[in-house]
Amino acid sequence: MSTSIHTLGSIAVGDLVFTVAPMTDRKTLEITVDRDASLVLRAPAEASRERVERFIQSKRSWVYRKLAEKDALVGPPIVKQFVDGEGFAYLGRNYRLKIEDGIDGVRLERGRFRMSPETAAGGDEAMRRWYVRTGEQWLSRRVEPWANRMGATGVGVAVRDLGYRWGSTKGESYINIHWATLQLAPSLIDYVIVHELAHLKELNHTDRYWAAVERAMLDYERRRADLLTAGARVWACHG
Ligand SMILES: [Zn+2]
């Protein structure tokens, strides 16, 4: 006996995580990729986990194509080792990791990321926290001039894990940026900022939306294309 897929809430297959939509009387399986790049699975009441996993597997390449179309943060999975010499990017530059006794948390000092062997044991989480904390300080200064240029005032910014999304908006004056974005060069982070700021006034990617982006950032198309290439090399702890 397998448990109903609907009791799970979400289901992960490889690095793809789907929210399971509430049960209805539907008879078929369906996957959708939402505007914000979140993944939703709809399934009949009796669908087994095995059947759902097989279905998702068969749709994998379609899902990745859809995510790419939505400017999502998606690429080949990147796994980091928390050992001397491993590379981590910050603001478009690469820094080697050095494991050192007596370091509190994660430090970026004298051209190296530094952490103790104890911190390295939970390295993924420690690094993620570093990007969140450092990123929030950096972004709060970075967002303001763009917000002013785009006629938005008092915009708050938070750094968090957003799955496959580089950014999202909350209400009319709040943007979220994925911590992994901080690995990009500042010119590409600026594009993510402008992309989200424009969403504060226009939810969808309409012509009016892109016109607002272009007014703020004339060369946004080039940056958007660069983000697609650079984004595939970003470490996001997926999977
Ligand atoms: Zn968008």
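On a predicted model such as this, the values are computed, not experimentally measured, just so you know.

If you tally the helices and strands in the protein chain, you get six helices and 11 strands. Along the first, second and third principal axes, the C-alpha atoms of the protein chain reach 60 × 50 × 30 Å. Considering the protein chain as a whole, with its 239 residues, one finds that 46% of them fall into the buried category. Long-range pairs, those at least 24 residues apart, make up 50% of the contacts in the protein chain between residues at least 6 apart in sequence. Split by element, the accessible area of the protein chain, about 12,500 Å² in all, is 48% carbon and sulfur. Side chains of the protein chain give 36 positive and 31 negative charges; the mean places of these two sets differ by 2 Å.

Attention now goes to the coordination of the zinc ion. On the protein side, the zinc ion has His195 (NE2), His199 (NE2) and His205 (NE2) as donor atoms, found 2.0 Å from it. Here the donor residues for the zinc ion map to a single chain with the spacing H-x3-H-x5-H. Note that His195 and His199 are positioned in helix H4 (residues 186-199) at a spacing of four residues, about one turn of the helix. Accessibility classification places His195 together with His199 in one group, the buried group.

A word on the packing of helix H3 (residues 123-149) against H4. At a minimum axis separation of 10 Å, H3 and H4 run at an interaxial angle of 60°. With respect to each other, H3 and H4 are oriented oblique. Between H3 and H4 lies a crossing whose hand is right-handed. Where H3 approaches H4, its residues Trp138, Leu139, Arg142, Val143, Trp146 and Ala147 are matched on the opposing element by Pro186, Ile189, Asp190, Ile193, Val194 and Leu197. Of the residues assigned to the contact of H3 with H4, the class counts are 10 nonpolar, no polar and two charged.

This part takes up the domain arrangement of the protein chain. By a widespread convention, an interface's size corresponds to the accessible area lost as its parts come together. Looking at the assigned domains, one finds that the protein chain contains domain 1 (5-69) and domain 2 (87-231). Between domain 1 and domain 2 we count zero salt bridges in total. Inspection of the domain 1/domain 2 interface yields one residue pair in polar contact (both at pLDDT 80 or more). The set of elements that each furnish at least two residues to the side of domain 1 that touches domain 2 consists of strand E2 (16-20) and helix H1 (49-69). A breakdown of the residues in the side of domain 1 that touches domain 2 according to their chemical character gives six nonpolar, no polar and three charged.

About the criteria used
Residues numbered from 1 in each chain as written. Predicted model: local features only at pLDDT ≥ 70, side-chain atom pairs only at ≥ 80, totals over all residues. Heavy atoms only, no water. Helix = DSSP H or I, 4+ residues; strand = E, 2+ residues; numbered from the N terminus. Buried < 20%, exposed > 50% of the residue type's maximum accessible area, 1.4 Å probe, protein only. Contact = heavy atoms within 4.5 Å. Areas by Shrake-Rupley, 256 points an atom, 1.4 Å probe, with all protein chains shown as cover. Lys, Arg positive; Asp, Glu negative; His and termini not counted. Charge placed at Lys NZ, Arg CZ, Asp CG, Glu CD. Donors = N, O, S within 2.8 Å, 3.2 Å for Na, K, Ca; no water. Axes fitted to C-alpha atoms, helices over the stretch in contact; angles between N-to-C directions. Parallel < 35°, antiparallel > 145°, perpendicular 65-115°, else oblique. Left-handed = near helix turned anticlockwise from the far one by under 90°. Nonpolar A, V, L, I, M, F, W, Y, C, P; charged D, E, K, R; others polar. Domains from an automatic or database assignment. Salt bridge = Lys/Arg side-chain N within 4 Å of Asp/Glu carboxyl O. Polar contact = N/O pair within 3.5 Å; in protein donor to acceptor, adjacent residues only side chain to side chain.

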